[in-house]
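Coordinate analysis (summary)
Here is how the chains run, residue by residue.
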Amino acid sequence: MKKKELIDMLNRDLADEHAAVIRYLVHAYQEGEDTTVGASLLSRSREEMWHMHWLGMIIAKLGGEPVFQPAPYPYDPSSRASMLQSYREYEEKLIPHYNGEAEKVDDPHIRRVLLREAWESAIHARRFQRLLEKLSPEEAGGLPSGGRELPAGFLETLQRELAGKYDEMLRHIRMSWAFQDEGAAGWSLMDQAMEKMKHLAMFAEAVAEDGAALRFKPSAMGALPPLEKAVGRAAEDVRNAVKRHEALRQDEELKKHGGVVVKLDLALRQEAYQAEEMEDWLRKGG
């Protein structure tokens, strides 16, 4: 298989895994992390994030540009049971898909990754089936639903922060893949990207619990700048986030939601830490 064909194939897989991450995350947030269904879905989404990561690292290593537009995720939203059945079927289709791709690849590492994607998809399908079997009739026929209690203006603020943090996280992941051969810098960016997932969850949970659709729509990335300039932009992103979140911390509506307040306080400290780390790296010249 020619390199471009391989990159294109892996990018299609990346888009499928990205779609699975979003679908399981959205459903998990709607159910609530402290519920059986929500906790199980959150666990699956984290494993799909690893699938995304392995593919993205390979694509970048091959000199390709990872595509961050998620593929469609077909599912039946009419009930919990129908959604979980859709998830099981989605994962089952990936087993022969990845096994077939592995047969086309000569590189032993890439082949192993594709084979692992196949057998982990098989495990995911079995876990979704087990989750289905544990649902009571009421749970199976029902749907997660929010209270629709948040004021429209405050909900829109949360949606903007969710969308912004999602984009920021994807940009950091992209940089970490692109600069994986730059030593500690690449892994530091990956570490920060994973921390941004926690910040994203803070806003996503609040939006989902209110019953609104979550805005997981990536923006265009543009050309990737050299490492130093990319880190500088990332530091600026984080500093801007600190300013926004400091202002949001004073919002009277936010103060009514104690759980979000605690998480935002933690995010503010983490964001300030991230900015200082990147700025220190820039001062030292990498």
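Residues numbered from 1 in each chain as written. Predicted model: local features only at pLDDT ≥ 70, side-chain atom pairs only at ≥ 80, totals over all residues. Heavy atoms only, no water.

This part is about the layout of surface pockets. If you add up the space inside the largest pocket, you get close to 680 Å³. Around the largest pocket, the lining comprises 33 residues; the ones closest to its centre are Arg46, Met49, Met194, Met197 and Lys198. Mapped onto the lining of the largest pocket, the elements with two or more residues apiece are helix H1 (3-31), helix H2 (36-61), helix H6 (152-178), helix H7 (184-209) and helix H9 (258-283). With 10 residues, the top contributor of residues to the lining of the largest pocket is H7. Of the residues that constitute the lining of the largest pocket, the class distribution is 23 nonpolar, five polar and five charged. Looking at the second largest pocket, its volume works out to about 240 Å³. Residue lining of the second largest pocket: 16 residues in total, with Glu205, Ala206, Glu209, His257 and Val260 positioned closest to the centre. Among the secondary structure elements, those contributing two or more residues to the lining of the second largest pocket are H6, H7 and H9. Top contributing element to the lining of the second largest pocket by residue count: H7, with four residues. Classifying every residue of the lining of the second largest pocket by side-chain character gives seven nonpolar, three polar and six charged. (1 Å grid on protein atoms, 1.4 Å probe; cavity = no way out; pocket = protein on both sides within 12 Å on 5 of 7 lines; lining within 4 Å. Points joined across faces, edges and corners; volume = space filled by probe spheres on them. Helix = DSSP H or I, 4+ residues; strand = E, 2+ residues; numbered from the N terminus. Nonpolar A, V, L, I, M, F, W, Y, C, P; charged D, E, K, R; others polar.)

Right, let's talk about the nonpolar core for a bit. In this structure, Tyr29, Trp177, Leu200, Leu214 and Phe216 are the most contacted members of the largest nonpolar core, which totals 77 residues. Those residues within four positions of Trp177 in sequence are excluded, and the remaining contacts are Leu14, Met52, His53, Gly56, Met57, Ala60, Pro66, Phe68 and Met190. Ranked by size, the runner-up nonpolar core spans 12 residues in total, among them Leu227, Ala234, Val238 and Met278. (Core = buried A, V, L, I, M, F, W, Y, C linked by side-chain atoms within 4.5 Å. Buried < 20%, exposed > 50% of the residue type's maximum accessible area, 1.4 Å probe, protein only. Contact = heavy atoms within 4.5 Å.)

Here we take up the pattern of salt bridges. Here the idea is simple: oppositely charged side chains can pair when their charged atoms come close. Within this structure, the stated rule accounts for 23 salt bridges. In this structure, Asp8 and Lys4 form a salt bridge, with 2.8 Å as the shortest nitrogen-oxygen distance. Of this pair, Asp8 and Lys4 both sit in helix H1, four residues apart, which is roughly one turn of that helix. Judged by relative accessible area, which is 31%, Asp8 ranks as partly exposed. Close ionic contact of Arg44 with Glu47 constitutes a salt bridge, the shortest N to O distance being 3.3 Å. Of this pair, Arg44 and Glu47 both sit in helix H2, three residues apart, which is roughly one turn of that helix. (Salt bridge = Lys/Arg side-chain N within 4 Å of Asp/Glu carboxyl O.)

Taken by themselves, the reported measurements are silent on function.
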